[in-house]
Amino acid sequence: MSHEWNFAERVGRVEPSATVAVGNKASELTEQGVDVVDLSVGEPDFPTPKRIRETGQQAIEAGHTGYTSSNGLLELRKAVSTDLKGKGVACEPDNVIVSPGAKQSLFETMQALVDEGDEVVLLDPAWVSYEAMAKIAGADLTRIDLGQHEFQLEPALDELTAALSNETQLLVVNSPSNPTGAVFSDAALKGVRDLAVEHGITVISDEIYDRIVYDADPTSLASLDGMAERTVTVNGFSKAYAMTGWRLGYLAAPEPLVSQVSKVHSHSVTCAANFVQRAGVEALRSVETEVAEMVAAFENRRDLVVDLLADRGKEIPRPEGAFYAMIPTEEGPNDDMEWCDRAIEDAHVAAVPGTAFNAPGYARISYAASEGRLREGFSRLAEEGLI
Ligand code: PMP
Ligand code: GLU
């Protein structure tokens, strides 16, 4: 006899992650023997630096395989707070919760802050999971389109001013940005600060790409006067340290937020993996050279992508951070969905439709791929007339 499932309304509000879904499709085709140039999921193509791998292995051998305290090992929380202090953010170890991936920190923060009907403001194009996490928590979304401002926030401050009010519960800022690579100026962040203070708004600052920057020196939002007390700073190890599969991230916030989020944390994941946290301490302490090498490689690829697009007559704002670029597709409803379908089906190049980031008319590529694969991907896209 078949079972009639009666699902909670909240799961009906969201779709599976589009970034993950395109990545899955690329993997399926690859398993069938198709040579796919996978520019979909944002994942460094470098191995995790050796010292981090060795520390993780040694930690397993040393028996660090049990639970840690729920909010994370003190040693790691100390390393995180030292790192944040270096960015001008007031942070003690007790302000930190270590999570299995930054995604979990974001999810738990939304769960702790957002009630049914609360207003959450996103800056579009916005990473796909902010919308989903906010909707699962019951949020009503207000969206500010940075697409008409070359993806910069500063020229959109008037729109942000008009959108924010005392009713706004939460604003999410992500700089350097996924999917655009934009790094918001200090003037833009100060504009956010002024509005957040005026209206008593909590801000999530997702800084997971802050070490992957080229021409910019990003400011940590919580370092601005008036922001430490209202900012949840989120960061993680996946991108800068090529540690996506280790699942390690964290949030840093004032004590009242930490004590509420830690309830959700302790009832959902208990803690991040013990030996992974120990590897995280090593990452923060000792692999700056390796990070700099990876960032230099990403910068060359960024330049290559911008040049390859310019050769095809497509000028894009030069991304200043992260490892993504938005390729304009032609005008038309759902055009970017069709573009990405054709890219994967005909050119065997995987890219994520801008629609997933509330930015139709673009396809996002991740250029965390070798120059050879990028050239191959672009030549296939050109052959299919997609660029
Ligand atoms: N924030 C942004 C903007 C991201 O692109 C990602 C990528 N997955 C995350 C958070 C979460 O990363 P992770 O869970 O791997 O730490
Ligand atoms: N954040 C990366 C991306 O946007 C990884 C996949 C995900 O978690 O969304 O591709």
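Residues numbered from 1 in each chain as written. Chains lettered and ligands numbered in written order. Predicted model: local features only at pLDDT ≥ 70, side-chain atom pairs only at ≥ 80, totals over all residues. Heavy atoms only, no water.

S.K.: Would you mind going over the overall build of the chain in detail, with residue names and values included?
M.R.: In terms of helices and strands, the chain carries 13 helices and 12 strands. Relative to the 2.2 N^0.38 estimate, which gives 21 Å for 387 residues, the radius of gyration of the chain is 21 Å and therefore close to what a compact globule would have. Principal-axis analysis of the C-alpha atoms places the extent of the chain at approximately 60 × 55 × 55 Å. Considering the chain as a whole, with its 387 residues, one finds that 55% of them fall into the buried category. Taking contacts inside the chain between residues at least 6 apart in sequence as the whole, the part at least 24 apart equals 75%. Between the mean site of the 32 positive side-chain charges and the mean site of the 62 negative ones, the chain shows a separation of 6 Å. (Helix = DSSP H or I, 4+ residues; strand = E, 2+ residues; numbered from the N terminus. Rg over C-alpha atoms; globule rule 2.2 N^0.38 Å. Buried < 20%, exposed > 50% of the residue type's maximum accessible area, 1.4 Å probe, protein only. Contact = heavy atoms within 4.5 Å. Lys, Arg positive; Asp, Glu negative; His and termini not counted. Charge placed at Lys NZ, Arg CZ, Asp CG, Glu CD.)

S.K.: Now, about the layout of surface pockets: what can you tell me, with residues and values included?
M.R.: As a volume, the largest pocket reaches approximately 650 Å³. Those elements giving two or more residues to the lining of the largest pocket turn out to be helix 2 (18-31), helix 5 (102-113), helix 6 (128-137) and helix 12 (335-345). Of all the elements, helix 6 adds the most residues to the lining of the largest pocket, at 7 residues. Grouping the amino acids of the lining of the largest pocket by side-chain chemistry returns 16 nonpolar, 4 polar and 8 charged. Approximately 520 Å³ is the volume found for the second largest pocket. (1 Å grid on protein atoms, 1.4 Å probe; cavity = no way out; pocket = protein on both sides within 12 Å on 5 of 7 lines; lining within 4 Å. Points joined across faces, edges and corners; volume = space filled by probe spheres on them. Nonpolar A, V, L, I, M, F, W, Y, C, P; charged D, E, K, R; others polar.)

S.K.: Please provide a residue-by-residue account of the sheet that holds strand 11 (residues 352-353), values included.
M.R.: Within the open sheet, the 3 strands sit side by side as 9-12-11. Their pairing is antiparallel. For this open sheet the edge positions go to strand 9 (324-328) and strand 11, each flanked by a neighbour on one side alone. When strand 9 meets strand 12 (residues 362-366), the two strands line up antiparallel, connected through 5 bridges. Following the sheet pairing, Ala325 is matched in strand 12 by Ile365. (Pairing = 2+ DSSP bridges.)

S.K.: Can you lay out the packing of aromatic side chains for me, pointing to particular residues and giving the numbers?
M.R.: Within this structure, the stated rule accounts for 10 aromatic pairs. On the numbers, 5.6 Å between centres and 85° between planes, the contact of Tyr209 with Phe323 is edge-to-face. Within this pair, whereas Tyr209 is found in the loop between strand 6 (202-206) and strand 7 (231-236), its partner Phe323 is found in the loop between helix 11 (288-311) and strand 9, the two being separated by 114 residues in sequence. For Tyr209, a relative accessible area of 3% translates into the label buried. Taking the relative accessible area as the measure of exposure, Phe323 reaches 0% and is therefore buried. Ring pairing ties together the aromatic residues Phe46, Tyr209, Phe298, Phe323 and Tyr324, which thus form one cluster. (Phe/Tyr/Trp six-rings, centres within 6.5 Å; stacked < 30°, edge-to-face > 60°.)

S.K.: Summarise the site of ligand 2; cite the residues concerned and give the values.
M.R.: Around ligand 2 lies a shell formed by Thr19, Val41, Gly42, Lys103, Trp127, Asn178, Lys239, Tyr324 and Arg364. At 3.1 Å from an oxygen atom of ligand 2 is found a side-chain nitrogen or oxygen belonging to Trp127. Arg364 is positioned with one of its side-chain polar atoms (N or O) 2.8 Å from an oxygen atom of ligand 2. In the complex, the protein chains occlude 89% of the 280 Å² of accessible area that ligand 2 would expose alone. In this structure, ligand 2 is accommodated by the second largest pocket. Residues belonging to the shell around ligand 2 are distributed by class as follows: 3 nonpolar, 3 polar and 3 charged. (Near = heavy atom within 4 Å. Polar contact = N/O pair within 3.5 Å; in protein donor to acceptor, adjacent residues only side chain to side chain. Areas by Shrake-Rupley, 256 points an atom, 1.4 Å probe, with all protein chains shown as cover. Sits in = over half its atoms within 2 Å of the grid points.)

S.K.: For helix 8 (residues 186-199), give the residues involved together with the corresponding values.
M.R.: End to end, helix 8 covers 20 Å across 14 residues, agreeing with the expected 20 Å (1.5 Å per residue, within 8%). By the burial criterion, the buried members of helix 8 are Ala188, Leu189, Gly191, Val192, Arg193, Leu195, Ala196 and His199. On its buried face, helix 8 sits against helix 7 (157-163), strand 5 (168-174) and strand 6. Gly200 lies just past helix 8 and shows a positive phi near 65°. (Expected span 1.5 Å × (residues − 1).)

S.K.: Give me the lowdown on the site of ligand 1, citing residues and values where you can.
M.R.: Taken together, 14 residues form the shell around ligand 1, and within it Ala102, Asn178, Asp206, Tyr209 and Ser238 come nearest. Within the backbone of Ala102, an N or O atom sits 2.7 Å from an oxygen atom of ligand 1. Lys239 is positioned such that a nitrogen or oxygen atom in its side chain is 3.4 Å from a nitrogen atom of ligand 1. In the complex, 93% of the free accessible area of ligand 1, which totals 390 Å², lies under the protein chains. The cavity where ligand 1 resides is the second largest pocket. In terms of residue count, the dominant contributor to the shell around ligand 1 is helix 5 (3 residues). Its residues placed into classes, the shell around ligand 1 shows 6 nonpolar, 4 polar and 4 charged.

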